[in-house]
Amino acid sequence: MMSWRETRNILIAAGVDPARLPEDLPADGRLDLTEVDLSRANLRGAKLPRADMGGAVLTGADLTGADLTGATLAWARLGRANLSGADLRGADLAWSDLTGADLTRTVLRGADLTHADLIRADLTGADLTGAVLTGADLTSACLRGAHLTGANFAGADLYGVGLREAVINWQSRDLIAELLRRSAGKDQQRLMLVREVLRSAGEWCWEKFSALDIDPALREWALVELRQWVQAGDGAPDVLYGE
């Protein structure tokens, strides 16, 4: 990862006013980079922890391996940006535009992606443990092999999202409903069960599922479909380990 001096020089070369960039990185790492235009800038390995980049324009920027832990990127424009391998733990990305962004192997543990636009974003192998994706648009995004334990997908658009080999959050009603919807086809009973899952308040309750007054064959269909997504150590409920 590059030093602060190297990061500073790149930011200046990209057009950031030097007056906004101290000679030495503040002890708390906080920098005011709100609404800067860094479109297509090369910021590979940049050191910007806790920087305030709210509303910044980073379209097509290369932030591969950058340190953006705790950074503020709310409302930032990151379409087609390369954030592969970047560290965004605890970052604020609410309402950001990440359309088509490369987020492969990106660390997003505890990040806030509320209402973020992640259409066609590549999150292969990303760590989204405990991330908040409430209302996010993940249409046609790729989450293959991503870690989703504890991630909040309430109200997120998951249409066409790739979930192969992903570590599922088994308490997420939205994820569970999406997995069932894909296999329900046009079967009205199965689709009614999907809607029942989505109507449940808060996180999905497996005890409530077991108590649902539904056709045993319908319940078994749901369990068989969901068992296909279970991985060792992913916290799946006991009911998904049945024969």
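Below is a summary of the structure that appears in this document. (Residues numbered from 1 in each chain as written. Predicted model: local features only at pLDDT ≥ 70, side-chain atom pairs only at ≥ 80, totals over all residues. Heavy atoms only, no water.)

**Some points on the side chain of Ser-96**
Tracing the backbone through its elements, the reader meets Ser-96 in the loop between helix 1 (4-13) and helix 2 (173-184). Of the polar contacts made by the side chain of Ser-96, one reaches the backbone oxygen of Leu-93; its length is 2.6 Å. When near neighbours in sequence (up to four residues on either side) are disregarded, Ser-96 contacts Leu-73, Trp-75, Ala-76, Ala-116 and Asp-117. (Helix = DSSP H or I, 4+ residues; strand = E, 2+ residues; numbered from the N terminus. Polar contact = N/O pair within 3.5 Å; in protein donor to acceptor, adjacent residues only side chain to side chain. Contact = heavy atoms within 4.5 Å.)

**What about the packing of helix 2 against helix 5 (residues 216-227)?**
The contact between helix 2 and helix 5 brings their axes to 10 Å, and the two run at 105 degrees. Overall, the two elements helix 2 and helix 5 adopt an arrangement that is roughly perpendicular. Counted together, Ile-176, Leu-179, Leu-180, Ser-183 and Ala-184 of helix 2 and Trp-221, Ala-222, Glu-225 and Leu-226 of helix 5 form the full contact between these two elements. Residue classes in the contact of helix 2 with helix 5 are distributed as seven nonpolar, one polar and one charged. (Axes fitted to C-alpha atoms, helices over the stretch in contact; angles between N-to-C directions. Parallel < 35°, antiparallel > 145°, perpendicular 65-115°, else oblique. Nonpolar A, V, L, I, M, F, W, Y, C, P; charged D, E, K, R; others polar.)

**Observations concerning the packing of helix 3 (residues 188-199) against helix 5**
The N-to-C vectors of helix 3 and helix 5 enclose an angle of 65 degrees; their axes lie 11 Å apart at closest approach. Judged by the angle between their axes, helix 3 and helix 5 are roughly perpendicular. Relative to helix 5, the crossing made by helix 3 is right-handed. On helix 5, the residues that touch Gln-189, Arg-190 and Leu-193 of helix 3 are Leu-218, Trp-221 and Ala-222. Class assignment of the residues belonging to the contact of helix 3 with helix 5 gives a composition of four nonpolar, one polar and one charged. (Left-handed = near helix turned anticlockwise from the far one by under 90°.)

**What to know about helix 2**
With twelve residues, helix 2 ought to run about 16 Å at 1.5 Å a step, and its terminal C-alpha atoms sit 16 Å apart, in line with that. Every buried residue of helix 2 is listed here: Asp-174, Leu-175, Ile-176, Ala-177, Glu-178, Leu-179, Leu-180 and Ala-184. Just past helix 2, the residue Gly-185 takes up positive phi, approximately 60 degrees. (Expected span 1.5 Å × (residues − 1). Buried < 20%, exposed > 50% of the residue type's maximum accessible area, 1.4 Å probe, protein only.)

**Details of the environment of Pro-26**
Tracing the backbone shows Pro-26 in the loop between helix 1 and helix 2. Take Pro-26: its relative accessible area is 26%, and that puts it in the partly exposed class.

**Structural notes on the pattern of salt bridges**
On inspection of all chains with the given rule, the structure shows 14 salt bridges. A salt bridge links Glu-196 to Arg-199, with the shortest nitrogen-to-oxygen separation between them at 2.8 Å. Placement of both Glu-196 and Arg-199 in helix 3 is noted, with a separation of three residues, approximately one turn of the helix. We classify Glu-196 as partly exposed; its relative accessible area is 24%. The exposure class assigned to Arg-199 is exposed, which follows from its relative accessible area of 58%. The partner of Glu-220 in a salt bridge is Arg-227, and the shortest N-O contact between them spans 3.3 Å. (Salt bridge = Lys/Arg side-chain N within 4 Å of Asp/Glu carboxyl O.)

**Some points on unusual backbone geometry**
Positive phi is not limited to glycine here, since Arg-50 has a value of about 65 degrees. If you trace the backbone, Arg-50 turns up in the loop between helix 1 and helix 2. By relative accessible area, which is 33% here, Arg-50 ends up partly exposed. Here Ser-140, not a glycine, exhibits a phi torsion of approximately 60 degrees, which is positive. As for its position among the elements, Ser-140 is in the loop between helix 1 and helix 2. You can call Ser-140 partly exposed: its relative accessible area is 41%.

**Some points on helix 3**
For the α-helix, the turn length of 3.6 residues means that residues three or four positions removed from each other point alike. Its twelve residues give helix 3 an end-to-end C-alpha distance of 16 Å, which sits within 8% of 16 Å, the value for a rise of 1.5 Å per residue. Buried residues of helix 3: Leu-191, Leu-193, Val-194 and Val-197, and no others. Axial view of helix 3: buried residues confined to an arc of 155 degrees, hence all on one face. Opposite the packed face of helix 3, turned more than 90 degrees from it, sit the exposed residues Met-192 and Arg-199. Where helix 3 is buried, its residues touch helix 2, helix 4 (206-211) and helix 5. Two or three places before Gln-189, at the start of helix 3, stands the capping residue Asp-187, its side-chain oxygen 3.0 Å from that residue's backbone nitrogen. (Arc of directions from axis to C-beta.)

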